[in-house]
Every structure is written in structure tokens, then in C-alpha cells.
Amino acid sequence: MGLILLLVATFLALLPNLRLPFTENEGIYGTVAQEMHRGALLYRDVWDHKPPLIYLEYEAGQRVLGTSEQALHLAVILCHWICAVLVLALVRRLGLGTREAWSAAFCYTLLIAPPWFQNWTGQADLTMQPWLLGSFLMILTPWSGSCVLAGALWAMAFFTKQSALVYLPIYLLFSPKPWLETCVEFIVGADVVAAAIAGPFYFSGRMKEFWGAVWGFNVRYIVNSWRVSVSNDWYLPAVLHW
């Protein structure tokens, strides 16, 4: 019953945004997913500078719910609900009480309600969250092989959006296992997923395009952004003033 109430709370929090039009990124991800469904090869026939899983997630959502704005935003609601359930599980795993766990989960639904940020959009920042939260849950679990699963789930997050990299120190800080065991198991899990995702690009001759989209383009994008920021006399004073 509690999970159903949590789903209702998530739905009500995002209901005002259900019929909003696609954002720019949603349009891009959805278009790439539709082309892939028609047989286009990612990074060769159709291109965008995100890792491949975001497009596969969109394609899966389109197969089940359709391609309309309402269908996408229903998928967003389900994604947020999964995140809320994982927050509940994480708080319990941290040793806090049942009341605290449910409070944290329902606070999550409060924080995604308008007017907070772009909570209704199917951004890669959102779709990587269930993978990350599941990975955090596994790293806190003292099961045999749990760090392998944590590494695999983290890799799913990374191949949805590369910013999953910034969360890596958390795993060593919170793992109940020795750091060497944590690292070895984590790397094994991450490498298995990385091989499974990169393999099709390697064997179809698209490895260069895959690497360029996942890593090369984004490194150049960040470096050039910083160069522009530093070279503009107005930028740093504006940031400092802000």
C-alpha cells in the first residue's frame, strides 16, 4: 500500500507538467530513438553526443508507451517513482528507521513538484539516477559479489550520462568491504557492462564514432567552454558577482 501511495504522490507532483511539449533534448533523444527503431545505426546514420543507453532507454519507453509528449512524461513519472523507492531502500540500508525511510521517499516527491527545476523532463540526468541509486544500494550491501553488481549498475549510469564519473569516490567511502576488494569487484562489474555495450560498436566498425561521442566530443566541449569563459572579460566577473 505504501508503494502505491508513493506512486500516487509522484503522479500528483508531476501531473501539471504531463502535457508540456518536448524540450530540445527530449526531441533529440526521441528522434534518435525512433531512427534506431527503423534500423539506423547509432553514431553512423544518426548522431548525438550522448552515450548509447539514453537512446535505448527512450526507444524502450516508446515501444511501451508511445511517442507523444504525454507518453514520455508518464515514463518520467515512473522513473521518478523508481528513484523514490530506491531512496526508501537506501535510507533503510543506512540503518535509519521505517518512519525516516518513508519520510525521505515522500520528501523526494515533494522536491520534484513544481516549480522546482525541470523535473518533468526526460533528461539523461534523470534516467541515470535509478542506475546510480541502485549502485549505491549495492555498495552498502554486505553480500558476496555486491560490489560487482554495484560496478555494473554504475556503468549503466555512465553509459547513460558521463557525469556518473563524479560519484566514484562515494563507493570507497561507504563500502563496508576492504577498499581493494571493493575496487576489484567494482571494476569487474563495470568492465562486463562496458564490454557488452561497446562490443556491438567494435564489431560493426563504429568504435571510433562511439568513442568520439561518449568521450572525445565532450572533452573538447568542456575544454573549449572553459577557454571561452576565461577569454571573455565579462564572464568571470559576472560569475563572481553572482
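If you're wondering where the values come from, they're calculated on a predicted model, not measured in any experiment.

**Comments concerning the overall build of the protein chain**
No. 1: For the protein chain, the count of helices and strands is 12 helices and 0 strands.
No. 2: Secondary structure elements of the protein chain, listed N to C terminal, follow the sequence α-α-α-α-α-α-α-α-α-α-α-α.
No. 3: Just so you have it, the protein chain exposes about 13600 Å², and 70% of that area is on carbon and sulfur atoms.

**Notes on the side chain of Glu26**
No. 1: Of note, Glu26 is situated in helix α2 (residues 24-37).
No. 2: Of the side chains bearing the opposite charge, Lys50 lies closest to the buried Glu26, which forms no salt bridge; the N-O distance is 13 Å.
No. 3: Within the structure, the side chain of Glu26 is placed 3.4 Å from the side chain of His73, a separation counted as a polar contact.

**Here's the deal with the environment of Ile112**
No. 1: By the secondary structure assignment, Ile112 is in the loop between α5 (98-111) and α6 (124-127).
No. 2: Look at Ile112 and you get buried, because its relative accessible area is 6%.
No. 3: It is 8.1 Å that separates the C-alpha atoms of Ile112 and Thr10, two residues lying 102 residues apart in sequence.

**Structural notes on the layout of surface pockets**
No. 1: Computed from the structure, the largest pocket encloses a volume of approximately 560 Å³.
No. 2: If you trace the largest pocket, you find 28 residues lining it, with Glu57, Tyr58, Gly61, Ala75 and Thr127 closest to the centre.
No. 3: Only α2, α3 (53-65), α4 (69-93), α6 and α7 (129-139) provide two or more residues apiece to the lining of the largest pocket.

**So, the packing of aromatic side chains**
No. 1: Scanning the entire structure with this criterion turns up 15 aromatic pairs.
No. 2: When the ring of Tyr43 is compared with that of Phe210, the centres are 6.4 Å apart and the planes differ by 55°; the resulting orientation is tilted. Taken together, the residues span a long stretch of sequence, with Tyr43 in the loop between α2 and α3 and Phe210 in helix α11 (residues 207-231) at a distance of 167 residues. Each of the two residues, Tyr43 as well as Phe210, counts as buried.
No. 3: Ring-pair connections join several aromatic residues into one group, and the members of that group are Tyr43, Phe136, Trp154, Phe158, Phe159, Tyr167, Tyr171, Phe186, Phe201 and Phe210.

**Side note on the pattern of salt bridges**
No. 1: This structure, assessed with the given rule, holds 4 salt bridges.
No. 2: For Glu59, the salt bridge is made with Arg63, and the minimal N-O distance between the two is 3.4 Å. Of the two residues, Glu59 and Arg63 are both situated in helix α3; the distance of 4 residues between them amounts to about one turn of the helix.

**Description of the packing of α4 against α5**
No. 1: Contact pair α4 / α5: the axes reach a minimum separation of 8 Å and the direction vectors enclose 155°. Between α4 and α5, the crossing angle belongs to the class labelled roughly antiparallel. Along this stretch, α4 crosses α5, giving a crossing that reads as right-handed. In contact with His80, Cys83, Ala84, Val87, Leu88, Val91 and Arg92 of α4, α5 contributes Thr98, Glu100, Ala101, Trp102, Ala104, Ala105 and Tyr108.
No. 2: Its residues placed into classes, the contact of α4 with α5 shows 10 nonpolar, 2 polar and 2 charged.

About the criteria used
Residues numbered from 1 in each chain as written. Predicted model: local features only at pLDDT ≥ 70, side-chain atom pairs only at ≥ 80, totals over all residues. Heavy atoms only, no water. Helix = DSSP H or I, 4+ residues; strand = E, 2+ residues; numbered from the N terminus. Areas by Shrake-Rupley, 256 points an atom, 1.4 Å probe, with all protein chains shown as cover. Buried < 20%, exposed > 50% of the residue type's maximum accessible area, 1.4 Å probe, protein only. Lys, Arg positive; Asp, Glu negative; His and termini not counted. Salt bridge = Lys/Arg side-chain N within 4 Å of Asp/Glu carboxyl O. Polar contact = N/O pair within 3.5 Å; in protein donor to acceptor, adjacent residues only side chain to side chain. 1 Å grid on protein atoms, 1.4 Å probe; cavity = no way out; pocket = protein on both sides within 12 Å on 5 of 7 lines; lining within 4 Å. Points joined across faces, edges and corners; volume = space filled by probe spheres on them. Phe/Tyr/Trp six-rings, centres within 6.5 Å; stacked < 30°, edge-to-face > 60°. Axes fitted to C-alpha atoms, helices over the stretch in contact; angles between N-to-C directions. Parallel < 35°, antiparallel > 145°, perpendicular 65-115°, else oblique. Left-handed = near helix turned anticlockwise from the far one by under 90°. Contact = heavy atoms within 4.5 Å. Nonpolar A, V, L, I, M, F, W, Y, C, P; charged D, E, K, R; others polar.

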